[in-house]
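Understanding the architecture of this molecule
Read off the chains here:
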Amino acid sequence: MIYSQRLTTDKYIYCQAYPNYFKAKKKNVLRKRVDHCAYDGPQLLTGTILFVVCFFLFQTMLAYYVLVTSVWCLVLIAHSILWLLLCFLKHLPIYSLVIITREQASLLHTFPQGVNLQI
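The rules we used
Residues numbered from 1 in each chain as written. Predicted model: local features only at pLDDT ≥ 70, side-chain atom pairs only at ≥ 80, totals over all residues. Heavy atoms only, no water. Helix = DSSP H or I, 4+ residues; strand = E, 2+ residues; numbered from the N terminus. Buried < 20%, exposed > 50% of the residue type's maximum accessible area, 1.4 Å probe, protein only. Contact = heavy atoms within 4.5 Å. Pairing = 2+ DSSP bridges. Expected span 1.5 Å × (residues − 1). Patch = residues over 30% accessible without salt bridge, like charges linked within 9 Å, V, L, I, M, F, W, Y side chains within 5 Å. Areas by Shrake-Rupley, 256 points an atom, 1.4 Å probe, with all protein chains shown as cover. Salt bridge = Lys/Arg side-chain N within 4 Å of Asp/Glu carboxyl O. Polar contact = N/O pair within 3.5 Å; in protein donor to acceptor, adjacent residues only side chain to side chain. pLDDT = per-residue confidence, 0-100.

Moving on, we get to the overall build of the protein chain. Broken down by element type, the protein chain carries four helices and two strands. Going from the N terminus to the C terminus, the protein chain shows its helices and strands as α-α-β-β-α-α. Out of the 119 residues in the protein chain, the part that is buried amounts to 13%. Summarising the internal contacts of the protein chain: among those between residues at least 6 apart in sequence, 59% fall at separations of at least 24.

Direction of pairing for strand β1 (residues 25-28) relative to strand β2 (residues 33-36): antiparallel, over a ladder of four bridges. Looking at the pairing, Lys27 lines up with Val34 of β2.

Turning to helix α3 (residues 41-91), a few remarks are in order. Along its 51 residues, α3 runs 73 Å from first to last C-alpha, staying within 8% of the 75 Å computed at 1.5 Å per residue. Buried within α3 we find Gly47, Cys54, Phe58, Met61 and Thr69.

With that out of the way, let us pick up a nonpolar patch on the surface. A surface patch of nonpolar side chains, amounting to about 550 Å² of accessible area, comprises Leu82, Leu85, Phe88, Leu89, Ile94 and Val98. Within the residue set of the nonpolar patch, elements represented by two or more residues are α3 and α4 (94-107). Turning to its location among the elements, Leu89 is positioned in helix α3. Take Leu89: its relative accessible area is 43%, and that puts it in the partly exposed class.

Here we come to the environment of Ser70. Tracing the backbone shows Ser70 in helix α3. Residue classification places Ser70 among the partly exposed positions, given a relative accessible area of 33%. Reaching out from Ser70, the side chain makes a polar contact with the backbone oxygen of Leu67 at a distance of 2.8 Å.

For the rest of this paragraph, the subject is the confidence of the model for the protein chain. This prediction gives the protein chain a mean pLDDT of 78; 82% of its residues lie at or above 70. Considering each helix and strand of the protein chain separately, the mean pLDDT is smallest for helix α2 (residues 19-22), with a value of 69, and largest for α3, with 86.

Listed below in structure tokens is the structure:
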């Protein structure tokens, strides 16, 4: 889960950075600003190819991330439901309820059928 989140975040950052190639700018990490930079033909071609590849792969990675996250949430919900059911069964006095219902059923048949009580 963490790997796919990191991969999706990195792709998003790269897709934000590559359009600067078209504007002939680059990010200066030391001064924390965007500076002007003169790119030649092969560098612009490389930047364009990387931007196109990154843009189309970002959509694929986003779909994968949404799928994995939704499956993970469904598994988490199922796990929580089973845990709540287990807690409910642990704290419910099932054995006592079974004994009480059996005693009530057996009280109906304590006397033989031929004996009638009359007052």
